[in-house]
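Each chain, written out:
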Amino acid sequence: MAHGTATSRWIPLAVFAALLLLTVVTVLVSFVDLGLWNVVVALLIASAKASLVALFFMHLKGESPLVWGFALVPIVFLALILIGTLTDTMLR
Amino acid sequence: MSDPSTEDHDPTVAFEAAKLGVWTFLATEVLLFGALFTAYTVFRMKYPEMFRVEHAKLDRVLGAVNTVVLITSSLMVVLGVDAIRRGKARLFEACFGATILLAGVFLCVKYAEYTAKFHHGLYPRTNLFFSLYFMMTGLHGIHVLLGMGLLSYVVVLSRRGRLSARYYTPAEMSGLYWHFVDLVWIYLFPLLYLIG
């Protein structure tokens, strides 16, 4: 029990450290010209950071499928909006 | 438990219901910011050169500093909720107080950035990139401001002895909202400052 709390108390600090590290990495990468890959890398790192915040800080990790549904459905809708709008503006 | 009137007031059920309520609200928030992210994507694909030139006018060091400020504020929320779950009200108030302070630092940096941009003649009407920059960071800034009010209210609740290890729903729910504000900035920072 005591050990269990001790380990779980470490998780936020580890996540915090990972978030700081990823922030430093994404800033450093932005100074290197990778062409289109700059966008890909920046979005991948941002999504990794967002996942860490959602999973551990918002503790989605231990949530029920219902809460997961509430969290993921808006992202699906956002993807639909993006795809729908882009197919219109890009193919016009 | 068979009595429906007590079932309605089951604190666990109430907590879960409140949580779903917050996630539903956050879903609408995703779509609110999502509209702006969509506009950003469309115009960025249409005018890549303009975005490339204009985004370099933002100070990525200040952007990075603000990223660290918000991430730290989120950690303080996590530590605060953990404290109140263990019944440590004073520690909770200190943690949420730190979050509010960091939110203030974030807005001060934002204010300095806006002032510098105005000084260089960069306004929302200057071009599409700066329209989006001011719209997106402005809407996010409003969320930071509202968050400060919300978190302050929860600290006042705690000062009045209304929160405990048994009942900490306001702390948890305002915390969820604050993490979302952090999450939006996690995308805004690279999109506006780093890859334009």
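Source: prediction; values computed, not measured.

**Section: unusual backbone geometry**
Residue and element names in this part refer to chain A.
Logical step 1: Positioned with a positive phi, His59 is a non-glycine residue whose angle comes to about 35°.
Logical step 2: One can find His59 in the loop between α2 (37-57) and α3 (65-91).
Logical step 3: The exposure class of His59 is partly exposed, given the 18 C-beta atoms found within 10 Å.

**A closer look at the domain arrangement of chain A**
Reports of interface size often rely on the accessible area that becomes lost once the parts have come together.
Logical step 1: Taken domain by domain, chain A comprises domain 1 (1-58) and domain 2 (63-92).
Logical step 2: Relative to domain 2 of chain A, the C-alpha centre of domain 1 of chain A lies at a distance of 23 Å.

**Observations regarding the interface of chain A and chain B**
Logical step 1: Residue-level contacts link 32 residues of chain A with 30 residues of chain B.
Logical step 2: Where the side of chain A that touches chain B is concerned, the elements lending two or more residues are α1 (2-30), α2 and α3 of chain A.
Logical step 3: Per element, the largest residue contribution to the side of chain A that touches chain B is 14 residues, and it comes from α3 of chain A.

**Quick word on helix α4 (residues 60-85) of chain B**
Logical step 1: Taking 1.5 Å per residue as the helical rise, α4 of chain B with its 26 residues ought to reach 38 Å, and the 38 Å between its terminal C-alpha atoms agrees with that figure.
Logical step 2: Positive phi appears at Gly87 of chain B, one or two residues downstream of α4 of chain B, with a value of about 80°.

**Considerations on the nonpolar core**
Logical step 1: Core analysis: the largest hydrophobic core is formed by 66 residues, its most contacted members being Ile84, Leu188 and Leu192 of chain B.
Logical step 2: Put simply, the parts of the chain that give this core at least two residues each are α1 and α2 of chain A together with α2 (11-46), α4, α5 (89-119), α6 (128-159) and α7 (169-194) of chain B.
Logical step 3: Among the elements that line this core, the one with the most residues is α7 of chain B, at 18 residues.
Logical step 4: In contact with Ile84 of chain B, other than residues within four places in its own chain, are Ala89, Phe92, Leu163, Tyr168 and Ala171 of chain B.

**Some details on the packing of α3 of chain A against α2 of chain B**
Logical step 1: Between α3 of chain A and α2 of chain B, the shortest axis-to-axis distance is 9 Å and the interhelical angle comes to 20°. Between α3 of chain A and α2 of chain B, the angle falls in the class roughly parallel. When you trace α3 of chain A past α2 of chain B, the crossing you get is right-handed.
Logical step 2: Here the residues of the contact of α3 of chain A with α2 of chain B sort into 19 nonpolar, six polar and one charged.

Thresholds applied
Here the residue index of a chain counts from 1 through its sequence in written order. For naming, the first written chain is A and the first written ligand is 1, with later ones following in the order written. Residue-level local features of this predicted model are given only where pLDDT is at least 70; pairs of side-chain atoms are given and counted only at 80 or more, and the full residue set underlies all totals for whole chains, interfaces and linings. For helices the rule is a DSSP run of H or I covering at least 4 residues; for strands it is a run of E covering at least 2, with both sets numbered from the N terminus onward. The burial criterion counts other C-beta atoms lying within 10 Å of a residue's C-beta, which is placed from the backbone; the residue is buried at 20 or more, exposed at 12 or fewer, and partly exposed between these limits. Domains are outlined according to an automatic or database domain assignment. Residue pairs are scored as contacts if the distance between their C-beta atoms, which are placed from the backbone, is within 7 Å. In this scheme, a helix's expected span is set at 1.5 Å multiplied by one less than its residue total. Each nonpolar core consists of buried Ala, Val, Leu, Ile, Met, Phe, Trp, Tyr and Cys residues. Their C-beta atoms, within 7 Å, join them into a set. Each axis is a line fitted through C-alpha atoms, taken for helices only over the stretch in contact, and angles between the N-to-C directions span 0 to 180 degrees. With respect to orientation, any angle under 35 degrees is reported as roughly parallel, any angle over 145 as roughly antiparallel, any angle of 65 to 115 as roughly perpendicular, and every other angle as oblique. Crossing handedness is defined as follows: a turn of the near helix away from the far one that is anticlockwise and smaller than a right angle gives a left-handed crossing, while the clockwise case is right-handed. Classification used: nonpolar for Ala, Val, Leu, Ile, Met, Phe, Trp, Tyr, Cys and Pro, charged for Asp, Glu, Lys and Arg, polar for all others including Gly.

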